[in-house]
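Each chain, letter by letter, is given below.
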Amino acid sequence: MAAPRLLLGVDYGTKQIGFAVGQVITGQARELCTLKAQNGVPDWTRVEALIKEWQPDAIVVGLPLNMDGSPSEMSERAEKFARRLNGRFNIPVHTHDERLTTFEAKGERMARGGQRGSYRDNPVDAIAAKLLLQGWLEANALGGDA
């Protein structure tokens, strides 16, 4: 298989799922959107629309590990979601350690001018997806000749 060029990053959650897009050539990622979820299940038609629009070569799902690197309660759910993405869309799916991305995303939101309202009403999940995808791109440094 050819090396991926365009990737979607996913910050999985039970109530909201953040999405970002990134490319290997520039090594950069940017936030896209946050979709509502019901107990971790998104509106699959909206996910499909994102995949059709961006046509990623691969997807990176954040793996919520404990600070000591051990799996968290959410790790299994995130891995199951990653398998579902792969099964539904037949796209390679990778997981990537997302420790502290939500914390960093909140800091980034504050640096942009602050948080208006609650995080439920004005989520940072897409920023977290961007940060975890950026981390995957840096860790995998595939270079511009992919």
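Quick caveat: nothing in here was measured; it's all calculated off a predicted structure.

Notes on the environment of L85
- In this structure, L85 sits in helix α2 (residues 73–89).
- Owing to a relative accessible area of 1%, L85 belongs among the buried residues under this scheme.
- In the structure, L85 is positioned 37 residues away from E48 in sequence and 9.6 Å away in space, judged by C-alpha atoms.
- Other than its neighbours up to four places away in sequence, L85 contacts V10, W44, V47, I59, V61, N90 and V93.

Description of α2
- An ideal rise of 1.5 Å per residue puts 24 Å on 17 residues; α2 measures up with 26 Å between its terminal C-alpha atoms.
- Restricting attention to buried positions, one finds in α2 the residues S75, A78, F81, A82, L85 and F89. All buried residues of α2 project into a common sector of 125° when viewed along the axis, lining one side. Opposite the buried face of α2, at more than 90 degrees from it, the exposed residues are E73, E76, R83 and G87.
- On its buried face, α2 sits against β1 (6–11), β2 (16–23), β4 (41–42), α1 (44–54), β5 (58–63) and β6 (93–97).

Re the environment of N66
- Here N66 is to be found in the loop between β5 and α2.
- Spatially, the C-alpha atoms of N66 and E98 are 9.7 Å apart, while their sequence positions differ by 32 residues.
- Separated by 2.9 Å, the side chain of N66 and the backbone oxygen of P71 make a polar contact.

Quick word on the side chain of Q134
- By the secondary structure assignment, Q134 is in helix α4 (residues 125–140).
- Among all residues touching Q134, those that are not within four sequence positions of it are G27, Q28 and A29.

Focus on the confidence of the model for the protein
- Taken as a whole, the protein shows an average pLDDT of 84; of its residues, 76% reach a score of 70 or greater.
- The element-level mean pLDDT for the protein is lowest in helix α3 (residues 101–111), coming to 62, with α1 highest at 96.

Observations concerning a positive patch on the surface
- Together, K80, R83, R84 and R88 give the surface a local cluster of positive charge.
- Relative to the helices and strands, R83 resides in helix α2.

With respect to the packing of aromatic side chains
- For the coordinates displayed, the defined rule picks out three aromatic pairs.
- Measuring from centroid to centroid gives 5.6 Å for W44 and F81, while their planes differ by 25°, and the two rings are stacked. Of this pair, W44 sits in helix α1 while F81 is found in helix α2, placing the two residues 37 residues apart along the sequence. For the pair formed by W44 and F81, the shared burial category is buried.
- Ring geometry for W44 and F89: centres 6.3 Å apart, planes at 45°, overall tilted. Of this pair, W44 sits in helix α1 while F89 sits in helix α2; the two residues are 45 residues apart in sequence, bridging distant segments of the chain.
- On the basis of relative accessible area, W44 is assigned to the buried category, the value being 14%.
- Classification of F89 as buried rests on a relative accessible area of 18%.
- Put simply, the rings of Y12, W44, F81 and F89 pair up and form one aromatic cluster.

What counts as what
- Residues numbered from 1 in each chain as written.
- Predicted model: local features only at pLDDT ≥ 70, side-chain atom pairs only at ≥ 80, totals over all residues.
- Heavy atoms only, no water.
- Helix = DSSP H or I, 4+ residues; strand = E, 2+ residues; numbered from the N terminus.
- Buried < 20%, exposed > 50% of the residue type's maximum accessible area, 1.4 Å probe, protein only.
- Contact = heavy atoms within 4.5 Å.
- Expected span 1.5 Å × (residues − 1).
- Arc of directions from axis to C-beta.
- Polar contact = N/O pair within 3.5 Å; in protein donor to acceptor, adjacent residues only side chain to side chain.
- pLDDT = per-residue confidence, 0-100.
- Patch = residues over 30% accessible without salt bridge, like charges linked within 9 Å, V, L, I, M, F, W, Y side chains within 5 Å.
- Areas by Shrake-Rupley, 256 points an atom, 1.4 Å probe, with all protein chains shown as cover.
- Salt bridge = Lys/Arg side-chain N within 4 Å of Asp/Glu carboxyl O.
- Lys, Arg positive; Asp, Glu negative; His and termini not counted.
- Charge placed at Lys NZ, Arg CZ, Asp CG, Glu CD.
- Phe/Tyr/Trp six-rings, centres within 6.5 Å; stacked < 30°, edge-to-face > 60°.

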